[in-house]
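# Overview (structure and organization)
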Amino acid sequence: MIIKVPLHALPGVAVALLACALSTAATGQDASPWQQGSYAAVRLLAGSRSGAVLLGGIAFQLEPGWKTFWRTPGDSGVPPRFDFSKSDNVDAVTVLWPAPSKFPDGAGGHSLGYKEQVVLPLRIAATNADRPITLRATVSFAVCAKLCIPAEASMELAFASVASAEDSTLAAALDMVPKPARIGDPNPLTIRNVRREGESTVTVDVATDNPKDDVNLFVEGPTPDWALPIPTRHERAPRGVKQFSFKLDGLPDNAKAEGAALKLTLVGGKQAYEFNINLD
C-alpha cells in the first residue's frame, strides 16, 4: 500500500513527546540532524534535486530490543502518522513502505514492523519545480519493547543537492519496497491462487523457487479501518506449495467481504511483492 498525504487534510495525533519536537533550521545538507529520543532517533533524507518529483526518506534508528510499526501493525501496535503540511513548495508526499518483519507481540499474537533501522522512502511532488523546496515533517509513531511508548519528532530539510550523498541509501530503501505483481506471475516468489472456502475463510497458495526461505503473507482491506488477521501458514500443504489462510474477521460495521479490494503482501528471503485482488 502507498499512502498519499494531501496537504489540506491531515489528522492531528496527540502523542507524548519522546523525540525532540523542535524544528531545526533547513541547512541545505542531504540529511537533517537526528532527532534523538530515549529509544529511537529519526531524521529526514534528501535525494538529488531533479525535476518536479523528488525522492526523499524518513530514517529511523532504534535501540537494541526496540521496534516500530508498519502501516498495518498486526495484532497490536500503532502505525506511524505523518504531517507534511508546513512544507514549502510541496504539493503532496507519497510514503512508501519497505517489507516488514513479523515478530511476537508478547501477548500471544504478532506485530508487523521494523527493528534496528529502516528508511521509509518518500516521493515528493513539487508545486513549482523551479523554486526551492523545503520539506517539514512531523512524525508520530510508537516504539515498543515489552511496553509501547508514543513518540513524536519534527524535522525540516531543504532539497538543494544536484547529486545527493543519500542517493544510494534511498535507492537501497526503494529496493526493499514490495514490487507490484499479479497472481500467477512467473516471479521467484508468487501467489498461484486465492480462493474462498465457506463464508469466512480465504486460502492462498504460494510458490517459491527457494523452499527453504521463511515466507510470510500479510493482508490489508480496502480502508485502514479493516482489521483483518495475519494469515496463518498451514503445516501441511500440497507438494511445491506454501499455503496460508485467514478469516474474514475485523471488518468495519456494514462492510461486506464480497467484491472487496484486498492487498496481499508476500515476503520471503530478499523478495517481496504486492498483489491487489477482489474477493469473489
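Because the structure is a prediction, the values reported are computed rather than measured.

### A few points about the pattern of salt bridges
By the definition in use, this model includes 8 salt bridges. Of the charged contacts, one joins Arg 136 and Glu 156 as a salt bridge, the two residues approaching to 3.0 Å between their closest N and O atoms. Of this pair, Arg 136 sits in strand E11 (residues 133-144) while Glu 156 is found in strand E12 (residues 148-159), placing the two residues 20 residues apart along the sequence. Residue class for Arg 136 comes out partly exposed when judged on its relative accessible area of 23%. What you see here is one network of salt bridges that share partners, running through Arg 71, Glu 220, Lys 263 and Glu 274.

### Regarding the domain arrangement of the protein chain
The domain architecture assigned to the protein chain consists of domain 1 (35-177) and domain 2 (180-279). Every contact between the two is made by 10 residues of domain 1 and, on the other side, 9 residues of domain 2. Buried area between domain 1 and domain 2, summed over both chains or domains, comes out near 790 Å², and the portion from carbon and sulfur atoms is 62%. At the boundary of domain 1 and domain 2, one finds 2 salt bridges. Among the ionic pairs, Arg 71 bridges to Glu 220, the shortest N-O distance being 2.8 Å. Counting every contact that joins domain 1 to domain 2 gives 4 residue pairs in polar contact (both at pLDDT 80 or more). Elements with a contribution of two residues or more to the side of domain 1 that touches domain 2: strand E5 (67-74) and strand E9 (110-115). Each residue belonging to the side of domain 1 that touches domain 2 can be placed in one class, and the counts come to 4 nonpolar, 3 polar and 3 charged.

### Here's the deal with the environment of Arg 49
Inspection of the secondary structure puts Arg 49 in the loop between strand E3 (40-46) and strand E4 (53-62). Separated by 111 residues in sequence, Arg 49 and Ala 160 place their C-alpha atoms 6.1 Å apart. Those residues in contact with Arg 49 that lie beyond four places of it in its chain are Leu 54, Asn 128, Ala 129, Asp 130, Arg 131, Pro 132, Ile 133, Phe 159, Ala 160, Ser 161 and Val 162. There is a polar contact of 3.4 Å between the side chain of Arg 49 and the backbone oxygen of Phe 159.

### Some details on the UniProt feature "domain: Thiol:disulfide interchange protein DsbD N-terminal" (unreviewed entry) in the protein chain
Per the UniProt annotation, the sites labelled "domain: Thiol:disulfide interchange protein DsbD N-terminal" (unreviewed entry) are residues 57-157. In residues 57-157, the share of helix is 0% and the share of strand is 64%. The end C-alpha atoms are 11 Å apart.

### Things to note about the nonpolar core
Ile 58 and Phe 84 are the most contacted members of the largest nonpolar core, which totals 39 residues. Those elements giving two or more residues to this core turn out to be E3, E4, strand E7 (90-95), E9, strand E10 (117-126), E11 and E12. The biggest single contributor to this core is E11, with 6 residues. Each of domain 1 (35-177) and domain 2 (180-279) gives at least three residues to this core. Judged by nonpolar contacts, the second largest core, of 24 residues, contains Val 204, Phe 246, Leu 248 and Leu 279.

### Things to note about the side chain of Glu 166
Following the sequence through the fold, Glu 166 ends up in the loop between E12 and helix H1 (167-175). No salt bridge is formed by the buried Glu 166; its nearest oppositely charged neighbour, Arg 43, is found at 4.3 Å. In this structure Glu 166 touches Asp 30, Ala 31, Arg 43, Leu 45 and Ala 46, once residues within four positions along its chain are discounted.

### Observations regarding the sheet that holds strand E14 (residues 189-197)
An order of E14-E15-E18-E17 is seen for the 4 strands of this open sheet, with the pairing classed as antiparallel. The open sheet is flanked by E14 and strand E17 (232-233), the only strands paired with a single partner.

Each value, and the rule that gives it
- Residues numbered from 1 in each chain as written.
- Predicted model: local features only at pLDDT ≥ 70, side-chain atom pairs only at ≥ 80, totals over all residues.
- Heavy atoms only, no water.
- Salt bridge = Lys/Arg side-chain N within 4 Å of Asp/Glu carboxyl O.
- Helix = DSSP H or I, 4+ residues; strand = E, 2+ residues; numbered from the N terminus.
- Buried < 20%, exposed > 50% of the residue type's maximum accessible area, 1.4 Å probe, protein only.
- Domains from an automatic or database assignment.
- Contact = heavy atoms within 4.5 Å.
- Buried area = accessible area lost by both parts, 1.4 Å probe.
- Polar contact = N/O pair within 3.5 Å; in protein donor to acceptor, adjacent residues only side chain to side chain.
- Nonpolar A, V, L, I, M, F, W, Y, C, P; charged D, E, K, R; others polar.
- UniProt positions renumbered as here; feature names shortened; annotations may be inferred.
- Core = buried A, V, L, I, M, F, W, Y, C linked by side-chain atoms within 4.5 Å.
- Lys, Arg positive; Asp, Glu negative; His and termini not counted.
- Pairing = 2+ DSSP bridges.

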